[in-house]
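# Reading the structure
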Amino acid sequence: MQKTIEKIIKSHEGEKGSLIPILQDVQRECGYISEEAVAAIAKDVKISEHEIYGVATFYAQFRFTKPGDHLIKVCVGTACHVRGNSLNLMHIKKILGIDEGEITFDYRFGLETVNCLGACALAPLVTVDDEYYGNFSPIKLKKILSKYAKEKAGAEDEED
Amino acid sequence: MLTINGKEVEFREGATVLEVARDNGIYIPSLCAHKELFPFGACRLCLVKIEHMRGFPPACTTPAAEGMKVITEDKELHNLRKNVLELILSEHPNSCLMCDQKELCAKYYICPPKSGRVTGCTFCPARDRCELRKVTEYLGLKEIRIPFKYKGLPMEREDPFFDRDYNLCILCGRCVRVCQEVRGIGAIAFTKRGHDTKIGTAFGKSYLDGGCRFCGACVDVCPTGALSARGSKWHGLPEREVTTTCALCSVGCRLKLEAKWEKVMAARPDEEGPANHGQACVKGRFCIPALVNDAERLKYPLIRKEGRLVPAGWEEAAELVAKRLGRYSPKEVGFVASPFLTNEAAYLLQKFARVGMGTNNIDIASAFSGPVIDAHVRCLGVGAGTGTIEDIESADWIIILGADILTSHPVLTVSINKARRQGATVCLIGPENDIILRMVDNLVPVQPSGYLPLLSGILKILVDREAFDKDFVASRCNGFESLKRSLHDMDLEETIAPCGLSVDRVMELASQILKSKRGCILYGSKILESSNPQQVIYLLFNILLLRGSHLGLIPLRIAGNEQGAGDMGALPNFLPGYRDVSDKDAVSELEEAWSAKLPAEPGVSYSEMIRAAGKGALKALYITSGSIPDKTHLSQVDFIVLHGIYPSPLFEIADVVFPSVAFTEEDGTITSLERRVQRLAAVVKPVGMALPDWKIICLIAEKMKVAGFGFTSAEEVFDEICRVNPLISGHGIWSPRPLAKFALTPVEELMWKKSDVVSEEMPLYSLYYRGIDITEKVHDLKLFYERVLGG
Ligand code: SF4
Ligand code: SF4
Ligand code: SF4
Ligand code: FES
Ligand code: FES
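## Comments concerning the side chain of Gln563(B)
Residues and elements named next belong to chain B. Relative to the assigned elements, Gln-563 resides in helix α23 (residues 562-567). The class for Gln-563 is buried, based on a relative accessible area of 1%. Engagement of the side chain of Gln-563 in a polar contact is seen with the backbone oxygen of Gly-383, the distance being 3.5 Å. Aside from chain neighbours lying at most four places away, what touches Gln-563 is Gly-383, Ala-384, Arg-557, Tyr-578, Thr-671, Ser-672 and Trp-734.

Okay, structure coming up:
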């Protein structure tokens with residue numbers, strides 16, 4: 001990860017007002033803004049890590065904890081709500097043992113709610129990463145989860 | 001010219017409406033504005049009406065303009081401000097501001113004030129200075145219609161020195177701004193947004209981990225009780241406040257010390273201080289009470305009886321010293337002057353050594369001071385720098401060499417930041433750390449062994465390119481030809497090789513110096529680790545001279561009065577005012593003034609003294625520095641007198657110990673690194689029977705029947721100093737008569753010669769006060785220093 005961050009910082013060398021673009025790139029490449037990333041950026045742009053953190057936390061787009069490998073989004077827009085997605089949400093919370101905005105202990109899943117994904121026809125809608133699971137029900141959940149859990153097991157060895 | 005409330009007033013270009021109003025005695029309520037900080041416009045209390053401007057512009061962010069018509073007060077504005085304040089107070093515990101019992105409470109303290117948490121009527125640590133209270137009272141707000149919301153944030157007290165209770169924070173941003181703008185640290189920031197906004201650190205790190213320097217600037221600007229110094233938050237208003245000078249380092253900050261119950265309770269930086277302008281550092285801001293109120297402070301004289309130190313009266317102890325000292329010949333006695341002595345004490349100590357004991361064996365207990373004084377006397381005629389803090393602020397380029405200035409002279413970084421904001425380039429040669437990195441433009445990571453090669457290289461570039469001030473060099477400098485010759489055969493690449501930099505890098509550095517002549521060079525005690533510290537100073541001085549000025553060289557002296565002790569002549573080779581002991585005129589002048597004969601032979605230096613003591617050549621030592629780093633040498637010494645304020649390792653071998661006073665307990669003067677003579681004022685009475693050092697010396701002189709020591713106050717001593725010391729004529733910055741010609745020093749002359757300075761003798765940071773490690777007395781400081789010094 002350190003290398004990725006260094007590369008990103010290098011690519012913005014000499015730019016004015018490059019802080020936000022650097023942060024965006026880091027978030028895209030690493031999935032979140034880590035302590036190490038902030039320290040490295042601080043050194044480069046000569047702004048203290050606290051100021052950078054202050055700027056970054058001002059924007060909703062940045063996150064500061066390692067995200068789960070798979071992000072589950074539960075739509076709580078009107079259509080999905082009316083069609084019972086809050087019950088689905090409760091169920092997912094119970095199964096995963098986490099609240100919204102949190103990730104599971106094994107970093108496998110993260111949970112978020114969103115307001116209308118623009119696919120109300122599929123309501124109640126839940127997405128995992130970029131996959132849409134329309135007409136969602138608790139029965140579907142187990143199957144979906146196990147699918148992603150398996151996928152993960154194979155990929156893990158490549159990580160450092 | 002503009003009009004405020006119908007009154008025509010003058011204004012200064014660039015001032016804000018708020019500043020103009022204040023300058024003219026018109027009050028506009030404000031909370032986020034602060035005169036040391038850039039306008040911010042966060043609290044919205046200073047809203048005013050301005051003709052031809054829409055809405056209610058904030059006075060603090062609106063620049064004053066010609067012909068403006070401002071209204072600062074009417075019914076509408078009053079109500080508007082009340083509403084704004086109500087909103088602020090709906091998130092700030094406010095019952096202490098709204099309570100019916102408020103007046104009685106302030107008078108009789110009917111509620112228990114000491115609670116870890118400020119909520120309801122329980123009084124807040126800031127109650128006596130709270131600016132929110134002042135504004136509330138001014139606006140006459142009696143009730144708040146919006147439901148109060150307590151933020152319920154945890155109290156933050158895991159860091160040293162001060163507590164943080166962000167439930168009281170009104171998000172005025174003063175702390176964040178002072179830390180970034182003035183101190184250049186940026187240890188805190190606004191984090192999160194909306195209702196979650198809170199002053200904090202990255203990832204909620206502790207301040208210790210986050211790089212806070214504990215300077216206390218944030219505590220001092222906070223208008224509420226959110227930030228409070230732990231040591232003094234519950235003492236209430238002091239009985240009295242005395243402005244004096246901090247003696248813990250050589251910057252010379254003016255501090256307002258608060259006293260209650262005959263104890264120093266707190267210290268706050270004085271806004272009028274010419275060196276510090278309302279800033280201080282961790283030591284001055286937070287450590288003084290613990291340091292001077294320490295339970296171990298010496299309270300009565302001690303004399304050795306049957307092998308043990310036992311309490312004695314002043315008479316008995318002084319007589320003993322007088323009797324014993326009388327036995328030794330001038331050569332057998334040595335005097336060690338503490339660099340924390342006042343000018344008065346240092347002056348009398350050297351006078352006593354010379355007149356009373358007939359010896360020049362006197363020196364300052366500091367390894368740094370010797371090389372500095374010798375080199376500066378040679379270049380300038382006086383053992384002092386040529387730069388002032390103002391020079392730093394107005395410089396175009398600044399070089400900091402061999403100093404961790406953020407730790408050793410924290411307040412100077414405020415001036416360096418100021419210069420940098422006005423466009424100065426700052427170059428740091430020497431130790432780096434993350435924070436100082438943000439304060440400099442050019443980091444030159446060179447070890448002390450590389451200082452000489454690097455500086456020689458720069459000189460060569462300046463001379464070869466003829467990039468020097470030819471008029472100045474021709475008219476005011478000697479030795480240019482020999483300097484040029486010494487550089488002529490030098491190969492640039494070869495010369496700078498040991499410093500590990502490329503030729504290009506050194507060129508770049510040189511070209512920065514070339515830019516202008518308003519330069520300033522600050523050098524610190526790390527030069528002692530170079531192979532020849534004095535040569536480093538000569539070369540630095542060469543650089544300044546070549547750029548066309550002798551001004552701007554500042555040695556970063558360590559202890560509080562290292563400068564003054566030298567000015568007073570507490571030196572083996574110089575009389576007061578840096579006149580050589582062999583200078584016939586000076587000697588006869590002083591002999592007349594003192595009506596006494598002066599010794600002709602130069603004395604031995606501090607390190608030579610310690611060495612001589614080890615060989616048994618010194619029989620008696622008079623030590624005013626409380627302790628000295630290596631006492632093993634001293635077992636051979638027959639008789640040791642000690643001035644101190646705490647017990648020290650020297651107690652094992654001292655024969656007489658005199659309790660002297662801390663700087664908070666005496667009147668007198670000390671001189672800062674910019675040659676500024678400033679007053680010390682007694683804040684409280686001395687502890688126990690302790691006496692100021694100058695009085696102790698007078699007492700002994702009197703017992704020995706030495707004439708010329710009949711002083712009754714420090715002022716009388718200072719008067720005599722002004723009479724006999726040609727440099728000193730009163731308080732303020734003294735100025736050396738500039739030499740007609742300055743000496744340029746050829747590079748080869750002294751180069752690469754190993755000097756005999758013992759550099760282990762003094763720590764490079766001013767961790768000490770009167771021979772005692774301050775961190776031993778102030779635990780929080782230990783925590784902090786362990787972190788920053790990595791010890
Ligand atoms: S104590 Fe000084 S360095 Fe620390 S946060 Fe406050 S202003 Fe900044
Ligand atoms: S802590 Fe004090 S100075 Fe800082 S924002 Fe809050 S109220 Fe203002
Ligand atoms: S910088 Fe020096 S003089 Fe100023 S408060 Fe700190 S120790 Fe005292
Ligand atoms: S409400 Fe769920 S997708 Fe529109
Ligand atoms: S003082 Fe002007 S907005 Fe705060």
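## Looking at the packing of aromatic side chains
On inspection of all chains with the given rule, the structure shows 26 aromatic pairs over all chains. A ring pair is formed by Tyr59(A) and Phe62(A), whose centres lie 6.4 Å apart and whose planes are at 90 degrees; its orientation type is edge-to-face. Look at Phe62(A) and you get buried, because its relative accessible area is 6%. Through successive ring pairs, a cluster of aromatic residues spans Phe161(B), Phe162(B), Tyr207(B), Phe214(B), Phe286(B), Phe784(B) and Tyr785(B). Above the plane of the ring of Phe468(B) lies Lys470(B), whose end atom (NZ or CZ) is 5.5 Å from the centre.

## Observations regarding the interface of chain A and chain B
Of the residues lining the interface, 18 residues belong to chain A; the matching set on chain B comes to 20 residues. For chain A, the biggest contributors to the area lost against chain B are Lys46(A), His50(A) and Tyr53(A); these three give 41% of the whole. Counting across the interface, chain A meets chain B through two salt bridges. The salt bridge involving Glu49(A) is made with Lys205(B); its shortest N-O contact spans 2.8 Å. Put simply, chain A and chain B have nine residue pairs in polar contact (both at pLDDT 80 or more) between them. Among the elements that make up the side of chain A that touches chain B, the one with the highest residue count is helix α4 (residues 49-58) of chain A (seven residues). Residues belonging to the side of chain A that touches chain B are distributed by class as follows: eight nonpolar, five polar and five charged.

## Comments concerning the pattern of salt bridges
All names here are of chain B. In the structure shown here, the tally under the stated rule is 47 salt bridges over all chains. Note that Arg-164 is salt-bridged to Asp-159, the shortest N-O span being 3.2 Å. When its relative accessible area of 2% is taken as the criterion, Asp-159 is described as buried. Note that Lys-777 is salt-bridged to Glu-296, the shortest N-O span being 2.9 Å. One end of the pair, Lys-777, is in helix α28 (residues 774-777); the other, Glu-296, is in the loop between α9 (282-292) and β12 (302-305), and 481 residues separate them in sequence. For Lys-777, a relative accessible area of 16% gives the class buried. Judged by its relative accessible area of 47%, Glu-296 is partly exposed. A cluster of three or more residues bridged by salt bridges with shared partners is formed by Glu-156, Glu-158, Asp-159, Arg-164 and Lys-198.

## Observations concerning the sheet that holds strand β28 (residues 676-680) of chain B
All names here are of chain B. If you walk across this open sheet you meet the three strands as β27-β28-β29, and the pairing is antiparallel. Whereas interior strands pair on both sides, the edge strands pair on one side only; in this sheet they are β27 (668-671) and β29 (732-733). Two elements, β28 and β29, share two bridges in a ladder whose sense is antiparallel. Bridging from a neighbouring strand, Val-677 pairs with Gly-732 of β29. Where helix α11 (residues 343-356) meets the sheet, it contacts β27 and β28, and its direction lies at approximately 90 degrees from that of β27.

## What about the layout of surface pockets?
Residue and element names in this part refer to chain B. Taken as a whole, the largest pocket spans an internal volume of roughly 1,100 Å³. If you list the elements that add at least two residues to the lining of the largest pocket, you get α5 (131-139), α6 (174-182), α8 (217-221), β8 (227-229), β10 (254-260) and β11 (263-269). A domain-level breakdown of the lining of the largest pocket finds at least three residues from each of domain 1 (76-232) and domain 2 (240-292).

How each quantity is defined
Residues numbered from 1 in each chain as written. Chains lettered and ligands numbered in written order. Predicted model: local features only at pLDDT ≥ 70, side-chain atom pairs only at ≥ 80, totals over all residues. Heavy atoms only, no water. Helix = DSSP H or I, 4+ residues; strand = E, 2+ residues; numbered from the N terminus. Buried < 20%, exposed > 50% of the residue type's maximum accessible area, 1.4 Å probe, protein only. Polar contact = N/O pair within 3.5 Å; in protein donor to acceptor, adjacent residues only side chain to side chain. Contact = heavy atoms within 4.5 Å. Phe/Tyr/Trp six-rings, centres within 6.5 Å; stacked < 30°, edge-to-face > 60°. Lys NZ or Arg CZ within 6 Å of the ring centre and 35° of its normal. Buried area = accessible area lost by both parts, 1.4 Å probe. Salt bridge = Lys/Arg side-chain N within 4 Å of Asp/Glu carboxyl O. Nonpolar A, V, L, I, M, F, W, Y, C, P; charged D, E, K, R; others polar. Pairing = 2+ DSSP bridges. Axes fitted to C-alpha atoms, helices over the stretch in contact; angles between N-to-C directions. 1 Å grid on protein atoms, 1.4 Å probe; cavity = no way out; pocket = protein on both sides within 12 Å on 5 of 7 lines; lining within 4 Å. Points joined across faces, edges and corners; volume = space filled by probe spheres on them. Domains from an automatic or database assignment.

This is a description of form; function is not addressed.
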